[in-house]
Amino acid sequence: MNHLNIKQIEEIIPHRHPFLLVDYIEDYKPGEYAVGYKCVTFREDFFAGHFPQEPVMPGVLILEALAQAGAVAILSLPKNKGKIAYFGGVDKCRFKSKVQPGDKLRLETKIIKRKGPVGVGEAIATVDGKVAVKAELTFMVG
């Protein structure tokens, strides 16, 4: 297994606080997949307004966290060092359950297609084995 801490993740992808949404990578294989985690705390800035009476992590941020895990997989290829993976699209997206403070969000993105700088990742976010979000994420490396 290939582990990455936060500093090692920052060497691969350009995101920084408060928009770096992956706390650590449990395992990855360059160009193929990455499995990471986001430890969701009550102190996240977005909980102040989403929603004050019932804090819920916005679905688009869960998708972004999945994309960042996928970016670790694709940008860890030596030929992609120093590049950025941009969102190209989201397909087959389903939100299945809420993510709330105290949850440990597991992020798994497998690269299922690549052609030149464009690719597709099959992404799934879970909490305690229960699916929160599933989607296909299209990316472009530039």
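Residues numbered from 1 in each chain as written. Predicted model: local features only at pLDDT ≥ 70, side-chain atom pairs only at ≥ 80, totals over all residues. Heavy atoms only, no water.

**Q** Mind showing me how you'd approach the pairing of strand 1 (residues 24-29) here?
**A** Along any regular strand the residues' side chains alternate between the sheet's two faces. Note that strand 1 and strand 2 (residues 33-39) share five bridges and pair antiparallel. Bridge assignment links Tyr28 to a residue of strand 2, and that residue is Ala34. Hairpin geometry of strand 1 and strand 2 is characterised by an intervening segment of three residues between the two adjacent antiparallel strands and by a positive phi of about 80 degrees at Gly31. (Pairing = 2+ DSSP bridges. Helix = DSSP H or I, 4+ residues; strand = E, 2+ residues; numbered from the N terminus.)

**Q** Explain a nonpolar patch on the surface to me, please; I cannot follow it from the model alone.
**A** A surface patch of nonpolar side chains, amounting to about 320 Å² of accessible area, comprises Ile84, Tyr86, Val118 and Met140. Relative to the assigned elements, Val118 resides in strand 5 (residues 118-127). According to the relative accessible area criterion, Val118 is partly exposed, its value standing at 36%. (Patch = residues over 30% accessible without salt bridge, like charges linked within 9 Å, V, L, I, M, F, W, Y side chains within 5 Å. Areas by Shrake-Rupley, 256 points an atom, 1.4 Å probe, with all protein chains shown as cover. Salt bridge = Lys/Arg side-chain N within 4 Å of Asp/Glu carboxyl O. Buried < 20%, exposed > 50% of the residue type's maximum accessible area, 1.4 Å probe, protein only.)

**Q** Explanation requested: the pattern of salt bridges in the structure shown.
**A** Opposite charge on two side chains makes pairing possible when the charged atoms of those side chains draw close. For the structure on display, the rule yields seven salt bridges. Close ionic contact of Lys110 with Glu108 constitutes a salt bridge, the shortest N to O distance being 3.8 Å. You can call Lys110 partly exposed: its relative accessible area is 39%. Taking relative accessible area as the criterion, Glu108 reaches 17% and is therefore assigned buried. What you see here is one network of salt bridges that share partners, running through Arg106, Glu108 and Lys110.

**Q** Mind showing me how you'd approach the nonpolar core here?
**A** One recurring pattern in soluble globular proteins: nonpolar side chains tend to sit buried together. Formed by 40 residues in total, the largest nonpolar core has its most connected members in Met57 and Leu105. Of all the elements in the fold, those that place two or more residues in this core are helix 1 (6-12), strand 1, helix 2 (59-75), strand 4 (104-115), strand 5 and strand 6 (130-141). Sort the elements by how many residues they give to this core and helix 2 lands first, with eleven residues. Apart from residues no more than four positions distant in its own chain, Met57 is found in contact with Val40, Phe46, Phe47, His50, Ile62, Val99 and Leu105. (Core = buried A, V, L, I, M, F, W, Y, C linked by side-chain atoms within 4.5 Å. Contact = heavy atoms within 4.5 Å.)

**Q** Looking at this model, I keep getting lost on the pairing of strand 4. Mind explaining?
**A** Note that strand 2 and strand 4 share seven bridges and pair antiparallel. When the bridges of strand 4 are listed, Ala34 appears paired with Thr109. Bridging between strand 4 and strand 5 involves ten bridges; their strand directions are antiparallel. Its bridge partner being in strand 5, Ile111 is matched across the sheet by Gly121. The hairpin turn running from strand 4 into strand 5, its antiparallel successor, is two residues long, and Gly116 in that turn takes a positive phi close to 65 degrees.

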